[in-house]
Amino acid sequence: MGPSLSQLLSVAHRALSAERPRLSPSITSEADGLASELADLLAARNGFYAFGAALHVFPYESTELSWGLVE
């Protein structure tokens, strides 16, 4: 993970899911060349808000706090 994403995570709120994400083949296909970066980001923090609610990174699966990428 690069320094920019690390800095973003340092100001982000807590994870929206405690589960470890397992990217499905369909999500990996949609993410194409960015699939490994998406997996790294979600492994570091599985969904979060940053800058108040201005940035919403969805967790892999839905929780009571947020819709997930699967849905």
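Here, the structure is the one placed above.
All values derive from a computational prediction rather than experimental measurement. (Residues numbered from 1 in each chain as written. Predicted model: local features only at pLDDT ≥ 70, side-chain atom pairs only at ≥ 80, totals over all residues. Heavy atoms only, no water.)

Q: Even after reading the chapter, I still don't get the overall build of the protein chain, so can you show me in this structure?
A: Broken down by element type, the protein chain carries three helices and two strands. Taken from the N to the C terminus, the helices and strands of the protein chain come in the order α-α-α-β-β. If one aligns the C-alpha atoms of the protein chain with their principal axes, the spans along those axes are about 30 × 30 × 20 Å. The buried share of the protein chain, reckoned over its 71 residues, is 30%. Considering only residue pairs separated by 6 or more positions, the protein chain has 55% of its internal contacts joining residues 24 or more positions apart. (Helix = DSSP H or I, 4+ residues; strand = E, 2+ residues; numbered from the N terminus. Buried < 20%, exposed > 50% of the residue type's maximum accessible area, 1.4 Å probe, protein only. Contact = heavy atoms within 4.5 Å.)

Q: I keep staring at a nonpolar patch on the surface and nothing clicks. Help me out?
A: The grouping of Phe58, Trp67 and Leu69 at the surface amounts to a nonpolar patch, some 320 Å² of accessible area in total. One can find Leu69 in the segment after β2 (55–57). For Leu69, a relative accessible area of 31% corresponds to the partly exposed category. (Patch = residues over 30% accessible without salt bridge, like charges linked within 9 Å, V, L, I, M, F, W, Y side chains within 5 Å. Areas by Shrake-Rupley, 256 points an atom, 1.4 Å probe, with all protein chains shown as cover. Salt bridge = Lys/Arg side-chain N within 4 Å of Asp/Glu carboxyl O.)

Q: Teacher, can you tell me more about the environment of Leu9 here?
A: Within the secondary structure, Leu9 is located in helix α1 (residues 3–11). Measuring from C-alpha to C-alpha, the distance between Leu9 and Phe48 comes to 8.7 Å, with 39 residues separating the pair along the chain. Apart from the residues within four sequence positions on either side, Leu9 is in contact with Met1, Leu41, Ala44, Arg45 and Phe48.

Q: What's the story with unusual backbone geometry in this structure? I'm lost.
A: Trans is the common state for peptide bonds, and a negative phi is the common state for residues other than glycine. At Asp32, a residue that is not glycine, the phi angle is positive and equals roughly 50 degrees. In this fold, Asp32 is placed in the loop between α2 (25–31) and α3 (35–44). Phi is positive for Phe51, which is not a glycine, with a value near 60 degrees. Counting through the fold element by element, Phe51 comes out in the loop between β1 (48–50) and β2. Taking relative accessible area as the criterion, Phe51 reaches 57% and is therefore assigned exposed.

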